[in-house]
Amino acid sequence: MRFDVLTLFPGIFEGYLSESLLKDAIERGALEVHLHNMRDWANDKHNTMDDRPFGGGPGMVLKVDRIVPCVEEVQTYAERPGRLVMLTPQGRPLTQRVVEELAQEERILLLCGRYEGFDQRVVEILQPDEISIGDYVLNGGEVAAAVVIDSVMRLIPGVLGDENSAVVDSFSSGNRLLEEDQYTRPREYRGLTVPEILLSGDHGAIERWRLSNRREKTLARRPDLLDGEETKIDEDEKKKKKKRPKKAKEPELVAESENVVEAKPSETPEAADATENNVDV
């Protein structure tokens, strides 16, 4: 996958791109990240990228005649123009499902805003996918762009050491709930111990504990995530219970009852007398 980041401050990404899994993924060729300084598309000696808003008001607005040519040229830098994402608090929320959607793309352009945002004509001309990382305001879109890169890259094959991590983590495709509590050595620390069930070696019991822990934690912290998922989990539990043998002895009880009923017609007066006198027949 290829990311193109369009920003007024490319230096913000220098440390981020040179550390940890992202650095390793770039070096292995699992993904590419290209930075583009939008000031390179300014056409005056002061490299002006913004101006005062029409109608008055605080702050400055990024100019349409700078941003549109910048994006359109960067789109030509690869075989495909890619998916243009504008980072803005007015966009749709970035959820794990949106991340999974973005991970299917071959190329993503991340357009980072500043100041009071973009001239609305940028949106009308370029028709970007507007995305917000939360209901709060940042100084610029660079941090939000890093969040998109960080979340999407985890779903790219070969980036994580264990790809199953991206399936069972909170909100992920294999677990839409919050992730269960995790423990490692030491087994006891300051009086707090690891739950015994996790040390039992009983994988079935451990999985049931994890499911219960996920549900309890999600109910306490994010009950909104249980909509739909709770019903799905309950159905899975019912299927498991149906497979468990509960009434193995019931046929025998029925058979005994039938034998008693059938024995009454066959009784003879002699047999009855023998029974009363405790004589074996």
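What you see is a predicted model, and the numbers here were worked out from it, not measured in a lab.

Rules of the game
Residues numbered from 1 in each chain as written. Predicted model: local features only at pLDDT ≥ 70, side-chain atom pairs only at ≥ 80, totals over all residues. Heavy atoms only, no water. Helix = DSSP H or I, 4+ residues; strand = E, 2+ residues; numbered from the N terminus. Buried < 20%, exposed > 50% of the residue type's maximum accessible area, 1.4 Å probe, protein only. Contact = heavy atoms within 4.5 Å. Areas by Shrake-Rupley, 256 points an atom, 1.4 Å probe, with all protein chains shown as cover. pLDDT = per-residue confidence, 0-100. Salt bridge = Lys/Arg side-chain N within 4 Å of Asp/Glu carboxyl O. Polar contact = N/O pair within 3.5 Å; in protein donor to acceptor, adjacent residues only side chain to side chain. Core = buried A, V, L, I, M, F, W, Y, C linked by side-chain atoms within 4.5 Å. Patch = residues over 30% accessible without salt bridge, like charges linked within 9 Å, V, L, I, M, F, W, Y side chains within 5 Å. Pairing = 2+ DSSP bridges. Right-handed = clockwise from strand over helix to strand, strands pointing away.

Concerning the overall build of the chain
A tally of helices and strands in the chain yields eleven helices and nine strands. Going through the 281 residues of the chain one by one, you find that 36% of them count as buried. The long-range share in the chain, meaning contacts at least 24 apart out of those at least 6 apart in sequence, stands at 72%. Summed over all atoms, the accessible surface of the chain reaches about 18200 Å², with 49% contributed by carbon and sulfur.

Considering the side chain of R83
Of note, R83 is situated in strand β5 (residues 83-93). If we ignore the near neighbours within four places in the chain, the residues touching R83 are R92, E101, L102, E105, R107, I108, L109 and D129.

Some thoughts on helix α3 (residues 64-74)
Looking only at α3, the buried set comprises V64, R66, I67, V68, C70, V71 and V74. Buried positions along α3 lie against β1 (2-7), β2 (32-37), β4 (61-62), β5, β6 (107-112) and α5 (120-126).

A word on the confidence of the model for the chain
Across the chain, pLDDT averages 85, with 75% of residues at or above 70. Segment residues 252-269 is flagged for pLDDT under 50; beyond a separation of four residues in sequence, or across chains, it makes zero contacts in the model. Residue range residues 274-281 is modelled with pLDDT below 50. Its contacts to residues more than four positions away, or to other chains, number two contacts.

Quick notes on the pattern of salt bridges
Enumeration according to the criterion identifies 19 salt bridges in this entry. A salt bridge links R66 to D65; the shortest N-O distance between them is 3.1 Å. When its relative accessible area of 42% is taken as the criterion, D65 is described as partly exposed. A salt bridge links E101 to R92; the shortest N-O distance between them is 2.9 Å. Given the relative accessible area of 32%, E101 is considered partly exposed. Sharing partners across several salt bridges, the network here consists of R83, R92, E101, E105 and D129.

Some details on the environment of R214
Following the sequence through the fold, R214 ends up in helix α8 (residues 203-221). Each C-alpha atom of the pair R214 and L178 lies 5.7 Å from the other, and the pair is 36 residues apart in sequence. There is a polar contact of 2.8 Å between the side chain of R214 and the side chain of E180.

Things to note about the nonpolar core
Within the largest apolar cluster, 30 residues are counted, with the highest numbers of intra-cluster contacts made by F3, L31, L102, L110 and V152. Contributions of two or more residues to this core are made by β1, α2 (20-28), β5, α4 (96-102), β6 and α6 (142-153). Here this core gets seven residues from one element, more than from any other, and that element is α6. Setting aside residues no more than four positions away along its own chain, F3 makes contact with E32, V33, H34, I108, L110, I149 and V152. Residues W41, A42, V74 and L109 belong to the second largest nonpolar core, which totals 21 residues.

Here's the deal with unusual backbone geometry
The omega torsion of the bond from R185 to P186 falls at 5°, within 30 degrees of zero and hence cis. Structurally, the position occupied by P186 is in the loop between α7 (165-168) and β8 (188-189). Backbone geometry at Y115 places phi at a positive 60°, although glycine is not the residue there. With respect to the helices and strands, Y115 occurs in the loop between β6 and α5.

Description of a nonpolar patch on the surface
Taken together, the side chains of Y136, L138, V143 and V147 make up a nonpolar region of the molecular surface, amounting to roughly 330 Å² of accessible area. In this fold, L138 is placed in the loop between β7 (129-132) and α6.

Focus: the pairing of β6
Counting buried positions along β6 yields six of six residues, so the element is predominantly enclosed. Residues R107, L109 and L111 of β6 are buried on one face, and the alternating residues I108, L110 and C112, pointing to the opposite face, are buried as well. Bridge count for β1 against β6 is five bridges, and the pairing is parallel. Its bridge partner being in β6, L6 is matched across the sheet by L111. Bridge count between β5 and β6: five bridges; the pairing is parallel. Each residue of the ladder has a partner; that of L84, found in β6, is L109. For the crossover from β5 across α4 to β6, the handedness is right-handed.

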